[in-house]
Amino acid sequence: MAVALLVLPLVCSVAGCDDIDWNWDTTWWKRPKRVVRPRQQNTAKPTRTDHSGQPDVTPDQARRAEPESPRHSKPAGAGVSGTVASPTGGVDSPTGSIAAAPKPRTAHRSFYQLYLLSGARKAPSEERGEYAVRLEHARARPCSGLLEMAYVPVGRSGSEDECYLLYENRAEFEAAVALVKSFDVAPLDAAPASVGAEASFRSGTGLFLRILEQGALADRDLVDACEHRLAAATQTRQLPPLHRWAAGVLAGRLVAEYRYDYAAARSYYSQAERAAAPASIEHMTTRWWYADAFMKEGGAQEAVKVYKEILDTYGGKWKDAQIVRRTKAILDKHAE
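Residues take numbers from 1 onward in each chain, read along the sequence in its written order. Side-chain atom pairs in this predicted model are given and counted only at pLDDT of 80 or more, local residue features only at pLDDT of at least 70, and totals for whole chains, interfaces and linings cover all residues. Hydrogens and waters are ignored; side-chain quantities use all the structure's heavy atoms.

Structural notes on the state of the cysteines
No. 1: We call a pair of cysteine sulfur atoms a disulfide whenever their separation is within 2.5 Å. In total, this model carries zero disulfides according to the counting rule given.
No. 2: Distance from the sulfur of Cys163, which forms no disulfide, to the nearest cysteine sulfur (Cys143) is 9.5 Å.
No. 3: To sort residues, take the accessible area from a 1.4 Å probe on protein chains only and compare it with the maximum for the residue type: under 20% means buried, over 50% means exposed, and anything in between is partly exposed. We classify Cys163 as buried; its relative accessible area is 1%.

The following block contains the structure:
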């Protein structure tokens, strides 16, 4: 009888995870096999839009990354709607709006988990990870897809309404926490008539969320409208630098992934770089995508120069950042 009582909680805990797809998406930066054409009527459930590939996270690493008990790891306010402030305001510095947002009180550890939750509220799920953000408008999976373009994680996993990103670098994790609510907007099927700097950023983000929800079959008109709004947000001085930087990164990823226009992508990354503080995580991210555009275009020599620059500048500062680790792996491969 005692053995049965011990086994029962274990069975229940396993059964409670049936709605989570624990596939590690850690090679999503590789070029997808996507055909962009006008969208036909599609009644099927939206497919995953992140890039597929074999994970670079071992089962042992995943076990070590499992969240601690909430009473030890969950900061005050985690998992409560609106606990992460949207980085807006008049602070005209690339990281000023990050500093203004509340940061999770996390101890130094090997991995940090940022949970995004949407849909029906599930109290037990909100006790997961170092920080849990309740999304009010966007779905968890496409929103996390945007966030991993801005701050590159070790991996991303979960379901449509409960998704988490895993970070090894604490600074990247806290920067992602500060930005995530800026991506919590309603998906859009068309660009609204409203104009203005903030409207451009929000509508560009909303259009990109809908594109990610569509999966491999993207609406070309939607891609065009999304690029137009993100480009406007990148170039305005009326937005905080963090939003201009994020808009530039998203615009670059959009044209690279849905048009394979890598020259235009590098142009957007260069614009985003001007909004980022020197030697910042945001600056490192723009250089990473800049090199990636060269590599996918077939310009390996140009890409290697940028990768070496990234390693020289950030290799000693953020050894555990995924961009640094992947950069080193790419350079080691090309040195063979």
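So, next bit.
Quick word on unusual backbone geometry
No. 1: Here the phi dihedral of Tyr260 falls at roughly 60°; this positive angle occurs in a residue that is not glycine.
No. 2: Each helix is a run of DSSP H or I of at least 4 residues and each strand a run of E of at least 2, with the numbering of both proceeding from the N terminus. Tracing the sequence through the fold places Tyr260 in the loop between α9 (241–258) and α10 (262–275).
No. 3: With a relative accessible area of 25%, Tyr260 lands in the partly exposed category.
No. 4: Positive phi is not limited to glycine here, since Ala279 has a value of about 60°.
No. 5: Along the chain, Ala279 turns up in the loop between α10 and α11 (281–297).

Structural notes on the packing of helix α5 (residues 140–150) against α9
No. 1: Axis separation between α5 and α9 bottoms out at 9 Å; the angle between their running directions is 105°. In terms of orientation, α5 lies roughly perpendicular with respect to α9. On the side of α5, the interface is formed by Leu146, Met149 and Ala150, while α9 contributes Trp245, Val249, Leu250 and Arg253.
No. 2: Across the contact of α5 with α9, the residue classes break down as six nonpolar, no polar and one charged. Inter-axis angles, ranging from 0 to 180 degrees, are taken between N-to-C directions of lines fitted to C-alpha atoms, where helices are fitted over the stretch in contact. Reported orientations rely on four angle classes, namely roughly parallel under 35 degrees, roughly antiparallel over 145, roughly perpendicular from 65 to 115, and oblique for the rest. Contacts are assigned to residue pairs that have any heavy atoms within 4.5 Å of one another. Note on residue categories: nonpolar means Ala, Val, Leu, Ile, Met, Phe, Trp, Tyr, Cys or Pro, charged means Asp, Glu, Lys or Arg, and polar means any other residue, Gly included.

Structural notes on the confidence of the model for the chain
No. 1: When pLDDT is averaged across the chain, the result is 75; 65% of the residues are at 70 or more.
No. 2: As a per-residue measure, pLDDT tells how confident the predictor is, with possible values from 0 to 100. No element of the chain has a lower mean pLDDT than helix α3 (residues 70–73), which averages 32, and none a higher one than α10, which averages 98.
No. 3: Note on residues 1–102: pLDDT under 50 across the span, and 190 contacts to partners over four residues away in sequence or across chains.

Concerning the environment of Pro187
No. 1: Position of Pro187 among the secondary structure elements: in the loop between α6 (170–179) and α7 (197–214).
No. 2: As a C-alpha pair, Pro187 and Gly204 span 17 residues in sequence and 9.6 Å in three-dimensional space.
No. 3: Excluding anything up to four places from it in sequence, Pro187 contacts His137, Gly206, Leu209, Arg210 and Glu213.

Digging into α11
No. 1: Each helix should span, by expectation, one fewer than its residue count multiplied by 1.5 Å. Between the first and last C-alpha of α11 there are 25 Å, a value that for 17 residues agrees with the 24 Å anticipated at 1.5 Å per step.
No. 2: The buried count for α11 comes to 15 of 17 residues, which makes it a mostly enclosed element.
No. 3: Phi for Gly298, located one or two positions after α11, is positive at around 100°.

Thoughts on the side chain of Arg287
No. 1: Along the polypeptide, Arg287 turns up in helix α11.
No. 2: For the purposes of these results, a polar contact is taken to be a pair of N or O atoms within 3.5 Å, where, inside protein, one atom must be able to donate a hydrogen and its partner to accept one; residues adjacent in sequence count only when each atom of the pair is a side-chain atom. For Arg287, the side chain forms a polar contact with the side chain of Glu273, separated by 3.2 Å.
No. 3: Ignoring any residue separated from it by four or fewer positions in sequence, one finds Arg287 in contact with Glu273, Val306, Glu309 and Ile310.

Regarding the sheet that holds strand β3 (residues 155–158)
No. 1: Paired strands, as defined in this entry, are two strands with at least two bridges between them according to DSSP. Across the sheet, four strands lie side by side as β2-β1-β4-β3; this open sheet has mixed pairing. The outermost strands of the open sheet, each flanked by one partner alone, are β2 (131–134) and β3. In this sheet, adjacent strand axes meet at a mean angle of 20° when their direction is disregarded.
No. 2: Bridge count for strand β1 (residues 112–117) against β2 is four bridges, and the pairing is parallel. Considered in β2, the bridge of Leu116 is made with Val133.

Some details on the packing of aromatic side chains
Each aromatic ring pair is described using two quantities: the centre-to-centre distance and the angle formed by the ring planes.
No. 1: For Phe, Tyr and Trp, rings pair up if their centres lie within 6.5 Å, where Trp contributes its six-membered ring, and each pair is then called stacked (planes under 30 degrees apart), edge-to-face (over 60) or tilted (otherwise). As enumerated under the stated definition, the model contains nine aromatic pairs in all.
No. 2: Between Phe208 and Tyr258, the aromatic rings sit 6.4 Å apart at their centres with planes inclined by 75°, giving edge-to-face as the arrangement. Taken together, the positions of Phe208 in helix α7 and Tyr258 in helix α9 put the pair 50 residues apart, joining distant regions of the chain.
No. 3: The exposure class of Tyr258 is buried, given its relative accessible area of 4%.
No. 4: We count a charge as sitting over a ring when the NZ of a lysine or the CZ of an arginine lies within 6 Å of the ring centre and within 35 degrees of the ring normal. Residue placement shows Arg253 over the ring face of Trp289; its charged tip is 3.7 Å from the ring centre.
No. 5: Taking NZ or CZ as reference, Arg266 lies 4.1 Å from the ring centre of Phe294, over its face.

Quick notes on the environment of Gln214
No. 1: Along the chain, Gln214 turns up in helix α7.
No. 2: When its relative accessible area of 13% is taken as the criterion, Gln214 is described as buried.
No. 3: Distance from Gln214 to Pro142, taken between C-alpha atoms, is 9.9 Å for residues 72 residues apart in sequence.

Examining the pairing of β1
No. 1: The element β1 is largely enclosed, with a buried count of six among its six residues.
No. 2: Burial along β1 is two-sided: Tyr112, Leu114 and Leu116 and Gln113, Tyr115 and Leu117, pointing in opposite directions, are all buried.
No. 3: Sheet topology places β1 next to strand β4 (residues 162–167); six bridges connect them, and they run antiparallel. Bridge assignment links Tyr115 to a residue of β4, and that residue is Tyr164.

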